[in-house]
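Structural features, examined
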Amino acid sequence: MQPLVECVPNFSEGRNRAVIDAITREIADTEGVKLLDVDPGADTNRTVVTFVGTPEAVQEAAFRAIRRAAELIDMRNHRGEHPRLGATDVCPFVPLSGCTMADCVGLARQLGARVGEELGIPVYLYEEAATRPERKNLADIRQGEYEGLPEKLKDPAWVPDFGPAVFNPKTGATVIGAREFLIAYNINLNTRDRRLAQEIALNIRESGRLQRDAEGNILRDEHGNPVRKPGKFQAVRAVGWYIPEYKQAQVSINLVNYKVTPPHVVFDEVCREAELLGLRVTGSELVGLIPLQALLMAGRYYLEKQGKSPGLPEKDLVDIAVRSLGLNDISPFVPEKKIIEYQVGERRGPLAKMTVADFADELSTDSPAPGGGSVAALAGALAAGLAAMVANLSVGKKGYESVASELRDVATKAQELKDALLTAVDEDSRAFNRVMEAFALPKKSEAQQAARQDAIQEATRLATQVPLQVMQHAVSTLELAVVVAEKGLASAVSDAGVAAIMARAAAEGAALNVRINLGSLADESFVAASKASAESLLAAARNLASNVLSVVEQKLS
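Computed from a predicted model, the values in this text were never measured in an experiment. (Residues numbered from 1 in each chain as written. Predicted model: local features only at pLDDT ≥ 70, side-chain atom pairs only at ≥ 80, totals over all residues. Heavy atoms only, no water.)

Digging into the overall build of the protein
- Per the secondary structure count, the protein includes 17 helices and 13 strands.
- For the protein, the spread of C-alpha atoms along the principal axes amounts to about 80 × 75 × 45 Å.
- Counting contacts in the protein only where the partners sit at least 6 residues apart, residues at least 24 apart contribute 74% of the total.
- With an accessible surface of roughly 25700 Å², the protein has 51% of that area assigned to carbon and sulfur atoms.
- Averaged over its 63 positive side-chain charges, the protein has a centre that lies 3 Å from the centre of its 73 negative ones. (Helix = DSSP H or I, 4+ residues; strand = E, 2+ residues; numbered from the N terminus. Contact = heavy atoms within 4.5 Å. Areas by Shrake-Rupley, 256 points an atom, 1.4 Å probe, with all protein chains shown as cover. Lys, Arg positive; Asp, Glu negative; His and termini not counted. Charge placed at Lys NZ, Arg CZ, Asp CG, Glu CD.)

This is the structure in structure tokens:
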């Protein structure tokens, strides 16, 4: 897997489109990165940019953008609602796939050194890249903002990690770091009163609020430090503000780890807090991008609140999440533009996106791909879809209350298997094409012949692994088919039986593909291990299918 890193620099310009375009052009023109989102805000006078790519390319693109921002933005003229330190206010690296947080820490420190040395900008490191505990939190580094930088830089405790400890009035300072995926999320209120929004923010954010006595004085501990009352949620930062553009106040939230505190949990709590203050939440707004998983979690959460099964297709879960969170309140929420996975690549390949008729037509031509491997994967996907259907039909039905929770889990797992098997439809075809490409390599010289043979062997190994994975998914699907046959809606038991037949067909078909590929491989240990795995999976598939069909036969008779 090619390493993939996200970078989300925030620039202190949200009104001058020419400046924004010039900065983002530096990113878009860097080879190896993809510019995903440019989100300017006029009132905050700030633009949040999101791009992804290989680690080296992302680091280079970030440097070019920071350099261009330093040339075009003059912080002496900057005014906006959002806290900020410099022309490039903050630049975090986020590990997405094939890389670790440690890798991103290395990127942040390398970039910080380069920005400090080549551009003469004071740089502070934050979050996972922080060199001191007191610099981990971005809000602590930003304290005093740009206007407080001249004095801050004189304080030995705030010597920059890189660059001169000298105030640069044009560029200010830049904060660079590495963190988990941050969701910038604003919740809209039916008021223009910033103080009410701030009251809610103080209650929900992790840092909470300062405690005061009856006279309003800040309470302090024995060491003279202010005493704080923690807020309700971990990994949540929040502030209340008023946005003239929207003519309403918002609770502006940074969810610094959505796996700890997801958006839907905060949204529901803000709704409760707002009601206590006589307010209404009108919806919410996503700034930048969001991971698909966060919306799937929300969709499942709201379905379960309704007593429904959460085991629906991905697009339905996303739609329910968007509607429940009111993400269309201010502007249309377009999943293809706002969900990071949808921006990075296609969720499904060309074969899986075909109509049934087009797939059957393509299958029937003299082209060798798609072939039996893709058909086996498709059979497995249909089996998983049927298992999900029976589970979903059963949830909420009278007489099935005691098994509803188990069937909800079955439906969710079946949807995941369905998606994995649909992906395998195209993976199998691509694997076969790689084998054909290896056979087409030149073979005139001995060196070319050796290279060609190595390529054929490697491609065939990969082509063997895809049907093995299909077999594993087919067995998992059959395990779910057992549950829905035994505990699902009695009137849908025939569907459970068809699911078992299709899943067994997937396993049988994939096993044939494993066998035919193993016959071309010279690696005896790989061949032996793959053969043993395939035989074990096929035996399990046949046994499970037999069990399902026995249950079906008993219930039908």
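A closer look at the environment of Arg 132
- With respect to the secondary-structure elements, Arg 132 resides in the loop between strand 6 (123-127) and helix 4 (138-142).
- Judged by its relative accessible area of 29%, Arg 132 is partly exposed.
- Aside from chain neighbours lying at most four places away, what touches Arg 132 is Pro 156, Ala 157 and Val 159. (Buried < 20%, exposed > 50% of the residue type's maximum accessible area, 1.4 Å probe, protein only.)

With respect to the packing of helix 14 (residues 404-439) against helix 15 (residues 446-487)
- At a closest axis distance of 9 Å, the pairing of helix 14 and helix 15 adopts a crossing angle of 160 degrees. Here helix 15 runs roughly antiparallel to helix 14, going by the angle between their axes. For the crossing formed where helix 14 meets helix 15, the hand is left-handed.
- Here the residues of the contact of helix 14 with helix 15 sort into 22 nonpolar, four polar and seven charged. (Axes fitted to C-alpha atoms, helices over the stretch in contact; angles between N-to-C directions. Parallel < 35°, antiparallel > 145°, perpendicular 65-115°, else oblique. Left-handed = near helix turned anticlockwise from the far one by under 90°. Nonpolar A, V, L, I, M, F, W, Y, C, P; charged D, E, K, R; others polar.)

Digging into the packing of helix 13 (residues 372-394) against helix 14
- At their nearest, the axes of helix 13 and helix 14 sit 8 Å apart, and the two run at 165 degrees to each other. With respect to helix 14, the axis of helix 13 lies roughly antiparallel. In this structure, helix 13 crosses over helix 14, and the sense of that crossing is left-handed.
- For the contact of helix 13 with helix 14, the class distribution of residues is 16 nonpolar, eight polar and two charged.

Points about the pattern of salt bridges
- One pass over the structure, following the stated rule, counts 29 salt bridges.
- Asp 21 is the salt-bridge partner of Arg 17, the closest N and O atoms lying 3.0 Å from each other. Of the two residues, Arg 17 and Asp 21 are both situated in helix 1 (residues 17-28); the distance of four residues between them amounts to about one turn of the helix.
- Residue classification places Arg 17 among the partly exposed residues on the basis of a relative accessible area of 42%.
- Relative accessible area serves as the criterion here: at 28%, Asp 21 is assigned to the partly exposed category.
- Across the pair Asp 89 and Arg 46 runs a salt bridge whose closest N-O atoms are separated by 2.8 Å. In this pair, Asp 89 sits in strand 5 (residues 88-97) while Arg 46 sits in strand 4 (residues 46-53), placing the two residues 43 residues apart along the sequence.
- Take Asp 89: its relative accessible area is 0%, and that puts it in the buried class. (Salt bridge = Lys/Arg side-chain N within 4 Å of Asp/Glu carboxyl O.)

Here's the deal with unusual backbone geometry
- With an omega of 5 degrees, the peptide bond running from Ala 369 to Pro 370 counts as cis.
- Inspection of the secondary structure assignment puts Pro 370 in the loop between helix 12 (356-363) and helix 13.
- In this structure, Glu 145 is a non-glycine residue whose phi angle is positive, near 55 degrees.
- Within the secondary structure, Glu 145 is located in the loop between helix 4 and helix 5 (149-152).
- Exposure remark for Glu 145: the relative accessible area of 26% places this residue in the partly exposed category.
- Residue Lys 247 is not a glycine yet carries a positive backbone phi of 60 degrees.
- By relative accessible area, which is 52% here, Lys 247 ends up exposed.

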